[in-house]
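# Structural description and commentary
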Amino acid sequence: MHTEIAHQSEQIHRWQRGPSTFWVHPEKGARLMRWDIEMADGSVREILHWPDQADWSQAGKIRGGNPILFPFSARSFFKGELGYWKSPQGKRPMPNHGYARQGAFQLENAAADGFIARFLPDTEAQANYPFDYNFFVDYRFHDLALEVTLTLENTGTEQIPWSAGHHFYFNLPWHADLERSHYEIHLPKCKGFRQDTRGNLLEDKTVQQVENFGNDAINDRIHTKLKRPDAKFGPAGGEEWIQLSWEDSHGPAAWHALTTWTDQHDSLFYCVEPWMGPPNAAETEKGLHWVAPNTSQSYRVRVELG
(Lines give C-alpha, C1' and ligand atoms only; values in the text may rest on other atoms or scores of the structure.)
Protein backbone atom coordinates (compact mmCIF):
# COMPACT_ATOMS: atom_id res chain seq x y z
CA MET A 1 0.00 0.00 0.00
CA HIS A 2 1.30 3.45 -0.95
CA THR A 3 0.27 6.62 0.91
CA GLU A 4 1.47 10.20 1.29
CA ILE A 5 1.90 11.57 4.80
CA ALA A 6 3.28 14.62 6.64
CA HIS A 7 6.46 13.84 8.60
CA GLN A 8 9.07 16.17 10.12
CA SER A 9 7.51 19.17 8.35
CA GLU A 10 7.83 17.42 4.97
CA GLN A 11 5.36 15.67 2.71
CA ILE A 12 6.75 12.20 2.22
CA HIS A 13 5.67 8.81 0.88
CA ARG A 14 5.18 5.56 2.71
CA TRP A 15 4.97 2.03 1.35
CA GLN A 16 3.69 -0.95 3.34
CA ARG A 17 4.55 -4.42 2.06
CA GLY A 18 3.59 -7.23 4.39
CA PRO A 19 5.37 -6.63 7.72
CA SER A 20 7.65 -3.94 6.24
CA THR A 21 7.09 -0.19 6.14
CA PHE A 22 9.33 2.01 3.96
CA TRP A 23 9.45 5.79 4.51
CA VAL A 24 10.73 7.79 1.50
CA HIS A 25 11.22 11.38 0.34
CA PRO A 26 11.51 10.87 -3.44
CA GLU A 27 11.83 14.59 -4.25
CA LYS A 28 14.73 15.24 -1.86
CA GLY A 29 17.67 13.02 -2.71
CA ALA A 30 15.36 10.12 -3.62
CA ARG A 31 16.04 9.35 0.04
CA LEU A 32 14.84 6.13 1.58
CA MET A 33 14.54 7.34 5.16
CA ARG A 34 13.39 4.42 7.26
CA TRP A 35 12.66 0.75 6.94
CA ASP A 36 10.70 -0.78 9.81
CA ILE A 37 9.47 -4.32 10.19
CA GLU A 38 6.71 -5.55 12.51
CA MET A 39 7.87 -8.64 14.38
CA ALA A 40 5.74 -11.66 15.28
CA ASP A 41 5.27 -10.38 18.85
CA GLY A 42 3.95 -7.01 17.61
CA SER A 43 7.14 -5.07 18.31
CA VAL A 44 8.75 -2.98 15.56
CA ARG A 45 12.37 -3.45 14.52
CA GLU A 46 14.14 -0.55 12.84
CA ILE A 47 16.23 -1.84 9.92
CA LEU A 48 17.45 1.57 8.71
CA HIS A 49 18.16 4.28 11.26
CA TRP A 50 16.55 7.71 10.92
CA PRO A 51 17.07 10.55 13.44
CA ASP A 52 14.19 11.97 15.48
CA GLN A 53 15.05 15.41 14.12
CA ALA A 54 16.17 15.95 10.52
CA ASP A 55 17.17 19.28 8.94
CA TRP A 56 16.08 18.89 5.31
CA SER A 57 17.76 22.19 4.40
CA GLN A 58 21.01 20.28 5.02
CA ALA A 59 19.92 16.95 3.55
CA GLY A 60 23.46 15.86 2.76
CA LYS A 61 24.32 15.97 6.47
CA ILE A 62 21.40 13.86 7.73
CA ARG A 63 22.74 10.68 9.33
CA GLY A 64 20.13 8.17 8.31
CA GLY A 65 18.33 6.16 5.66
CA ASN A 66 20.11 5.56 2.39
CA PRO A 67 21.72 8.62 0.75
CA ILE A 68 22.33 8.11 -2.98
CA LEU A 69 25.96 8.72 -3.94
CA PHE A 70 26.24 10.10 -7.48
CA PRO A 71 28.18 10.61 -9.67
CA PHE A 72 30.96 9.38 -7.35
CA SER A 73 31.15 7.77 -3.92
CA ALA A 74 33.07 9.31 -1.02
CA ARG A 75 36.05 11.63 -1.39
CA SER A 76 37.32 12.83 -4.78
CA PHE A 77 40.76 14.34 -5.44
CA PHE A 78 42.67 16.03 -8.23
CA LYS A 79 46.43 15.60 -7.88
CA GLY A 80 46.08 15.29 -4.12
CA GLU A 81 43.65 18.18 -3.68
CA LEU A 82 40.44 17.19 -1.89
CA GLY A 83 37.07 18.30 -3.27
CA TYR A 84 37.95 18.10 -6.95
CA TRP A 85 37.83 15.39 -9.59
CA LYS A 86 39.75 14.50 -12.72
CA SER A 87 37.17 15.15 -15.42
CA PRO A 88 37.72 14.84 -19.21
CA GLN A 89 37.71 18.65 -19.21
CA GLY A 90 40.32 18.88 -16.43
CA LYS A 91 40.04 19.90 -12.78
CA ARG A 92 36.45 20.31 -11.56
CA PRO A 93 34.90 20.66 -8.08
CA MET A 94 33.24 17.54 -6.64
CA PRO A 95 31.77 17.43 -3.10
CA ASN A 96 32.03 14.38 -0.89
CA HIS A 97 29.62 11.71 -2.22
CA GLY A 98 28.65 13.85 -5.21
CA TYR A 99 25.49 15.86 -5.80
CA ALA A 100 22.50 13.53 -5.64
CA ARG A 101 22.19 13.00 -1.88
CA GLN A 102 21.38 16.70 -1.30
CA GLY A 103 19.82 17.24 -4.74
CA ALA A 104 16.30 17.61 -6.09
CA PHE A 105 14.53 14.76 -7.86
CA GLN A 106 11.33 14.52 -9.83
CA LEU A 107 9.00 11.66 -8.99
CA GLU A 108 8.47 9.96 -12.35
CA ASN A 109 6.33 7.06 -11.21
CA ALA A 110 4.82 5.79 -7.95
CA ALA A 111 3.36 2.28 -7.95
CA ALA A 112 2.13 -0.17 -5.34
CA ASP A 113 5.60 -1.73 -5.04
CA GLY A 114 7.90 1.28 -5.37
CA PHE A 115 8.87 4.36 -7.35
CA ILE A 116 11.19 5.89 -9.94
CA ALA A 117 12.73 9.34 -9.45
CA ARG A 118 14.89 11.39 -11.84
CA PHE A 119 17.72 13.64 -10.67
CA LEU A 120 17.35 17.36 -11.42
CA PRO A 121 20.93 18.72 -11.38
CA ASP A 122 21.22 22.31 -10.22
CA THR A 123 23.52 24.92 -11.74
CA GLU A 124 26.51 23.77 -9.69
CA ALA A 125 26.04 20.11 -10.60
CA GLN A 126 25.59 20.98 -14.29
CA ALA A 127 28.78 23.05 -14.30
CA ASN A 128 30.95 20.51 -12.51
CA TYR A 129 29.56 17.32 -14.05
CA PRO A 130 28.97 18.82 -17.52
CA PHE A 131 27.25 16.03 -19.44
CA ASP A 132 23.90 15.39 -21.05
CA TYR A 133 22.24 12.60 -19.11
CA ASN A 134 19.34 11.29 -17.09
CA PHE A 135 20.01 9.68 -13.74
CA PHE A 136 17.23 7.52 -12.29
CA VAL A 137 16.72 5.90 -8.89
CA ASP A 138 14.29 2.97 -8.95
CA TYR A 139 13.17 1.36 -5.67
CA ARG A 140 11.16 -1.87 -5.49
CA PHE A 141 9.84 -2.89 -2.07
CA HIS A 142 9.06 -6.43 -0.90
CA ASP A 143 7.84 -8.04 2.30
CA LEU A 144 11.35 -8.73 3.60
CA ALA A 145 13.59 -7.06 1.03
CA LEU A 146 14.22 -4.07 -1.18
CA GLU A 147 15.90 -3.62 -4.54
CA VAL A 148 17.30 -0.30 -5.71
CA THR A 149 18.60 0.30 -9.22
CA LEU A 150 20.69 3.31 -10.22
CA THR A 151 20.61 4.01 -13.96
CA LEU A 152 22.69 6.53 -15.90
CA GLU A 153 21.35 7.27 -19.38
CA ASN A 154 23.71 9.10 -21.72
CA THR A 155 21.71 11.46 -23.95
CA GLY A 156 24.75 13.30 -25.30
CA THR A 157 27.57 12.74 -27.77
CA GLU A 158 30.50 12.00 -25.43
CA GLN A 159 31.05 9.14 -22.99
CA ILE A 160 30.28 9.78 -19.32
CA PRO A 161 32.29 8.53 -16.30
CA TRP A 162 30.60 7.50 -13.06
CA SER A 163 31.07 5.34 -9.97
CA ALA A 164 27.93 5.66 -7.84
CA GLY A 165 26.89 3.92 -4.64
CA HIS A 166 24.75 3.69 -1.52
CA HIS A 167 25.19 4.74 2.11
CA PHE A 168 22.84 2.50 4.11
CA TYR A 169 22.61 3.57 7.76
CA PHE A 170 21.74 0.23 9.32
CA ASN A 171 20.43 0.25 12.87
CA LEU A 172 23.05 -1.69 14.85
CA PRO A 173 22.87 -3.17 17.39
CA TRP A 174 19.18 -3.98 16.97
CA HIS A 175 18.75 -6.00 20.18
CA ALA A 176 18.49 -4.06 23.43
CA ASP A 177 20.66 -6.56 25.32
CA LEU A 178 23.48 -6.75 22.75
CA GLU A 179 26.41 -4.51 21.82
CA ARG A 180 28.28 -3.99 18.54
CA SER A 181 30.78 -6.64 19.52
CA HIS A 182 27.99 -9.24 19.40
CA TYR A 183 27.54 -8.65 15.65
CA GLU A 184 29.71 -9.74 12.75
CA ILE A 185 29.93 -9.32 8.99
CA HIS A 186 30.76 -12.17 6.61
CA LEU A 187 32.62 -11.05 3.49
CA PRO A 188 33.67 -12.97 0.42
CA LYS A 189 37.40 -13.28 -0.13
CA CYS A 190 38.55 -9.73 -0.80
CA LYS A 191 41.19 -7.06 -0.28
CA GLY A 192 40.94 -4.17 2.15
CA PHE A 193 42.00 -0.59 1.48
CA ARG A 194 42.01 2.80 3.15
CA GLN A 195 42.20 6.18 1.47
CA ASP A 196 44.96 8.54 2.53
CA THR A 197 44.75 12.33 2.73
CA ARG A 198 45.78 12.70 -0.93
CA GLY A 199 43.28 10.21 -2.33
CA ASN A 200 45.59 7.22 -2.70
CA LEU A 201 44.40 3.71 -1.85
CA LEU A 202 46.57 2.00 0.76
CA GLU A 203 46.16 -1.74 1.25
CA ASP A 204 45.03 -2.92 4.68
CA LYS A 205 46.30 -6.47 5.00
CA THR A 206 44.46 -7.15 8.27
CA VAL A 207 41.13 -7.82 6.51
CA GLN A 208 39.39 -11.09 7.39
CA GLN A 209 36.38 -12.80 5.80
CA VAL A 210 34.57 -12.70 9.15
CA GLU A 211 34.87 -9.37 10.94
CA ASN A 212 33.41 -8.12 14.22
CA PHE A 213 31.60 -4.77 14.39
CA GLY A 214 33.28 -4.13 17.73
CA ASN A 215 36.66 -4.08 15.99
CA ASP A 216 37.69 -0.50 15.18
CA ALA A 217 39.83 -1.81 12.31
CA ILE A 218 36.79 -2.22 10.05
CA ASN A 219 35.67 1.40 10.44
CA ASP A 220 36.15 3.37 7.21
CA ARG A 221 37.65 0.37 5.46
CA ILE A 222 36.98 -0.26 1.76
CA HIS A 223 36.57 -3.92 0.84
CA THR A 224 37.08 -4.57 -2.86
CA LYS A 225 38.35 -7.16 -5.35
CA LEU A 226 35.46 -9.20 -3.93
CA LYS A 227 35.31 -12.77 -5.19
CA ARG A 228 31.50 -12.78 -4.93
CA PRO A 229 28.96 -9.95 -5.25
CA ASP A 230 27.38 -10.47 -1.83
CA ALA A 231 27.87 -10.19 1.92
CA LYS A 232 25.82 -10.66 5.09
CA PHE A 233 25.87 -9.45 8.68
CA GLY A 234 24.05 -9.91 11.96
CA PRO A 235 24.32 -11.39 15.46
CA ALA A 236 27.14 -13.88 15.87
CA GLY A 237 24.55 -16.56 16.65
CA GLY A 238 23.41 -16.47 13.04
CA GLU A 239 19.82 -15.25 13.44
CA GLU A 240 18.08 -12.23 11.85
CA TRP A 241 20.86 -11.62 9.36
CA ILE A 242 20.84 -8.91 6.69
CA GLN A 243 22.07 -9.96 3.25
CA LEU A 244 23.34 -7.67 0.48
CA SER A 245 24.01 -8.46 -3.17
CA TRP A 246 24.77 -6.29 -6.19
CA GLU A 247 25.28 -6.42 -9.94
CA ASP A 248 26.06 -4.26 -12.97
CA SER A 249 23.91 -4.35 -16.09
CA HIS A 250 27.10 -4.49 -18.18
CA GLY A 251 28.70 -7.48 -16.45
CA PRO A 252 30.91 -8.29 -13.45
CA ALA A 253 33.17 -5.55 -12.15
CA ALA A 254 36.41 -6.43 -10.35
CA TRP A 255 36.52 -3.21 -8.33
CA HIS A 256 33.04 -3.23 -6.82
CA ALA A 257 33.43 -2.10 -3.22
CA LEU A 258 31.73 -2.60 0.13
CA THR A 259 32.67 -0.02 2.75
CA THR A 260 32.01 -0.28 6.49
CA TRP A 261 31.79 2.99 8.43
CA THR A 262 30.35 4.53 11.58
CA ASP A 263 30.66 7.94 13.18
CA GLN A 264 31.17 7.27 16.90
CA HIS A 265 31.58 4.29 19.23
CA ASP A 266 28.05 4.87 20.53
CA SER A 267 26.34 5.84 17.26
CA LEU A 268 22.99 4.16 16.73
CA PHE A 269 24.02 2.99 13.28
CA TYR A 270 26.74 1.21 11.35
CA CYS A 271 26.88 1.87 7.62
CA VAL A 272 27.44 -0.99 5.18
CA GLU A 273 27.82 0.65 1.78
CA PRO A 274 27.86 -1.07 -1.63
CA TRP A 275 29.65 1.07 -4.23
CA MET A 276 30.44 0.64 -7.91
CA GLY A 277 34.09 1.24 -7.06
CA PRO A 278 36.47 2.65 -4.42
CA PRO A 279 36.60 6.41 -3.73
CA ASN A 280 38.44 8.72 -6.12
CA ALA A 281 37.62 6.40 -9.00
CA ALA A 282 37.87 9.17 -11.58
CA GLU A 283 41.56 9.72 -10.78
CA THR A 284 42.69 6.17 -10.00
CA GLU A 285 40.39 4.64 -12.66
CA LYS A 286 39.76 1.74 -10.25
CA GLY A 287 36.02 1.11 -10.33
CA LEU A 288 35.44 3.84 -12.90
CA HIS A 289 32.65 3.09 -15.38
CA TRP A 290 31.99 4.77 -18.73
CA VAL A 291 28.62 5.12 -20.44
CA ALA A 292 28.80 5.48 -24.21
CA PRO A 293 26.56 7.98 -26.08
CA ASN A 294 22.96 6.87 -26.56
CA THR A 295 23.35 3.97 -24.11
CA SER A 296 22.70 3.43 -20.41
CA GLN A 297 24.17 1.48 -17.50
CA SER A 298 22.54 0.26 -14.29
CA TYR A 299 23.79 -0.80 -10.87
CA ARG A 300 21.36 -2.87 -8.80
CA VAL A 301 21.56 -3.64 -5.08
CA ARG A 302 19.33 -5.97 -3.11
CA VAL A 303 18.98 -5.90 0.68
CA GLU A 304 17.15 -8.87 2.19
CA LEU A 305 16.32 -9.94 5.71
CA GLY A 306 17.40 -13.49 6.42
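Structure: see above.
All values derive from a computational prediction rather than experimental measurement. (Residues numbered from 1 in each chain as written. Predicted model: local features only at pLDDT ≥ 70, side-chain atom pairs only at ≥ 80, totals over all residues. Heavy atoms only, no water.)

### Thoughts on the pairing of strand β5 (residues 44-48)
- Here strand β4 (residues 31-38) runs beside β5; their pairing, made up of 4 bridges, is antiparallel. Counterpart to Asp36 in the pairing with β5 is Glu46.
- Between β4 and β5, which pair antiparallel one after the other, the connecting turn spans 5 residues, and Gly42 there sits at a positive phi close to 95°. (Pairing = 2+ DSSP bridges. Helix = DSSP H or I, 4+ residues; strand = E, 2+ residues; numbered from the N terminus.)

### A word on the side chain of Ser298
- Among the secondary structure elements, Ser298 is positioned in strand β28 (residues 296-305).
- A distance of 2.7 Å separates the side chain of Ser298 from the side chain of Thr151, its partner in a polar contact.
- Among all residues touching Ser298, those that are not within four sequence positions of it are Thr149, Leu150, Thr151, Glu247, Asp248, Ser249 and His250. (Polar contact = N/O pair within 3.5 Å; in protein donor to acceptor, adjacent residues only side chain to side chain. Contact = heavy atoms within 4.5 Å.)

### Observations concerning the packing of aromatic side chains
- Within the structure shown, the criterion is met by 30 aromatic pairs.
- Pairing Phe115 with Tyr139 gives two aromatic rings, centres 5.5 Å apart and planes at 25°, and the pair type is stacked. Separated by 24 residues along the polypeptide, Phe115 in strand β12 (residues 114-120) and Tyr139 in strand β13 (residues 133-141) bring together distant segments of the chain. For the pair Phe115 and Tyr139, one class covers both residues: buried.
- Arranged with centres 6.2 Å apart and planes meeting at 25°, the rings of Trp261 and Phe269 form a pair that is stacked. Summarising the burial analysis for this pair, Trp261 and Phe269 share the class buried.
- An aromatic cluster is defined as three or more aromatic residues linked by ring pairs; in this entry it consists of Phe70, Phe72, Trp85, Phe105, Phe119, Tyr129, Phe131, Tyr133, Phe135 and Trp162.
- The positively charged end of Lys232 is found above the aromatic ring belonging to Trp241, 5.3 Å away from the centroid. (Phe/Tyr/Trp six-rings, centres within 6.5 Å; stacked < 30°, edge-to-face > 60°. Buried < 20%, exposed > 50% of the residue type's maximum accessible area, 1.4 Å probe, protein only. Lys NZ or Arg CZ within 6 Å of the ring centre and 35° of its normal.)

### Structural notes on the pattern of salt bridges
- For the structure shown, the criterion picks out 16 salt bridges.
- Linking Arg221 and Asp204 is a salt bridge whose minimum nitrogen-to-oxygen distance equals 3.4 Å. Separated by 17 residues along the polypeptide, Arg221 in strand β22 (residues 221-224) and Asp204 in strand β20 (residues 201-204) bring together distant segments of the chain.
- Judged by relative accessible area, Asp204 falls into the buried class, the value being 11%.
- Here Glu247 ties to Arg300 by a salt bridge, and the two come within 2.9 Å at their closest N and O atoms. Of this pair, Glu247 sits in strand β24 (residues 242-248) while Arg300 is found in strand β28, placing the two residues 53 residues apart along the sequence.
- On the basis of relative accessibility, which here comes to 40%, the residue Glu247 falls in the partly exposed class.
- Residue class for Arg300 comes out partly exposed when judged on its relative accessible area of 23%.
- A cluster of three or more residues bridged by salt bridges with shared partners is formed by Glu147, Glu247, Arg300, Arg302 and Glu304. (Salt bridge = Lys/Arg side-chain N within 4 Å of Asp/Glu carboxyl O.)

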